[in-house]
Amino acid sequence: MRRLMLLRHAKTETDAPSGRDQDRRLDERGHKDAARMGDWIATHPPFPDTVLVSHAVRARQTWDIAWEAMKDRVPVPQVEVLPELYGADSAEILEAIRTATAPADPKQLLLIGHNPGMHEAALMLIGGGDPAGAKALSDNLPTAGLAIFDFDVKDWGDVAYRRGKLVLFVSPRLLRSG
């Protein structure tokens with residue numbers, strides 16, 4: 001069994017001072033939402049063994065703030081910053097998932113990236129599971145939204161579209177209203 005967690009970066013400023021999209025930083029709500037999601041992850045095992053993060057500032061900040069909220073409660077994961085996750089489409093995201101084997105062979109993988117690729121990948125991976133979560137996820141993977149999938153496979157290389165069981169979809173908005 002393999003568990004995949006797809007986390008979209010938290011809410012960001014509209015423009016970066018540099019004018020470059022990948023330099024956009026989290027805004028105040030983004031900081032709070034990233035911390036809220038880190039806290040949520042820390043109280044809902046299993047925890048990620050490996051974290052793959054886009055090199056964009058907002059994705060790295062999302063991970064750093066989430067990790068700060070959970071670091072005293074969960075084992076330290078292997079973290080890898082992958083430039084190819086920035087602007088990745090669903091096929092590129094699937095490839096990053098399928099090759100997530102080095103240096104250790106993680107059983108739980110957290111990937112932090114961007115829409116539209118993350119939303120498309122999440123929708124394409126659903127092969128069953130939580131119907132309410134699938135319905136909520138069908139419209140959007142919001143900022144700091146987290147889609148959790150289980151795959152009944154022995155190796156990440158066997159992960160495929162429509163093979164994931166959507167365990168849960170959670171977002172800061174759902175946590176505030178729930």
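Further up the page is the structure itself.
Residues numbered from 1 in each chain as written. Predicted model: local features only at pLDDT ≥ 70, side-chain atom pairs only at ≥ 80, totals over all residues. Heavy atoms only, no water.

Explain the sheet that holds strand S6 (residues 146–151) residue by residue, including any values.
Strand order in the open sheet formed by seven strands is S3-S2-S4-S1-S6-S7-S5, and the pairing between neighbours is mixed. Strands with a single pairing partner mark the edges of an open sheet, and in this sheet they are strand S3 (78–82) and strand S5 (126–129). Each strand axis lies, on average, 25 degrees off the axis of its neighbour in the sheet, ignoring direction. Bridge analysis of S6 against strand S7 (residues 164–170) gives five bridges, and the strand direction is antiparallel. Along S7, the bridge assignment pairs leucine 146 with valine 170. Those strands touched by helix H5 (residues 131–139) are S5, S6 and S7, and its axis lies near 70 degrees from that of S7. (Pairing = 2+ DSSP bridges. Helix = DSSP H or I, 4+ residues; strand = E, 2+ residues; numbered from the N terminus. Axes fitted to C-alpha atoms, helices over the stretch in contact; angles between N-to-C directions. Contact = heavy atoms within 4.5 Å.)

Run through the environment of tryptophan 40, naming residues and quoting values.
Note on placement: tryptophan 40 falls in helix H1 (residues 28–42). Each C-alpha atom, one on tryptophan 40 and one on arginine 173, is 13 Å from the other, the two residues being 133 residues apart in sequence. Beyond its immediate sequence surroundings of up to four residues, tryptophan 40 is in contact with Leu146, Ile148, Leu168, Val170 and Leu175.

Can you break down the packing of aromatic side chains residue by residue, with the values?
Scanning the model with the defined rule gives two aromatic pairs in all. Measuring from ring centre to ring centre gives 5.6 Å for tryptophan 63 and tryptophan 67, while their planes differ by 25 degrees; the resulting arrangement is stacked. Here the residue tryptophan 63 and the residue tryptophan 67 both occupy positions in helix H2 (residues 57–70), the gap between them amounting to four residues, near one helical turn. No difference in accessibility class separates tryptophan 63 from tryptophan 67, as the two residues are buried. With a centroid separation of 6.2 Å and an interplanar angle of 35 degrees, the aromatic rings of phenylalanine 149 and phenylalanine 151 are classed as tilted. (Phe/Tyr/Trp six-rings, centres within 6.5 Å; stacked < 30°, edge-to-face > 60°. Buried < 20%, exposed > 50% of the residue type's maximum accessible area, 1.4 Å probe, protein only.)

Let's hear about the environment of valine 153: which residues, and what values?
Its location among the elements puts valine 153 in the loop between S6 and S7. When the C-alpha positions of valine 153 and arginine 163 are compared, they lie 9.3 Å apart, and in sequence the two are 10 residues distant. Excluding residues that lie within four positions of it along the chain, valine 153 makes contacts with Met1, Arg2, Asp158, Val159 and Arg163.

I'd like a description of the side chain of serine 171, backed by residues and values.
Mapped onto the secondary structure, serine 171 falls in the loop between S7 and helix H6 (172–177). Excluding its chain neighbours within four sequence positions, the residues that come into contact with serine 171 are Met37, Pro142, Ala144 and Gly145.

Give me the lowdown on the side chain of threonine 12, citing residues and values where you can.
Topologically, threonine 12 is positioned in the loop between strand S1 (2–8) and H1. Within polar-contact distance, the side chain of threonine 12 engages the side chain of arginine 24 at 2.5 Å. With residues near it in sequence (within four places) discarded, threonine 12 still touches Arg24, Arg25, Leu26, Asp27 and Arg58. (Polar contact = N/O pair within 3.5 Å; in protein donor to acceptor, adjacent residues only side chain to side chain.)

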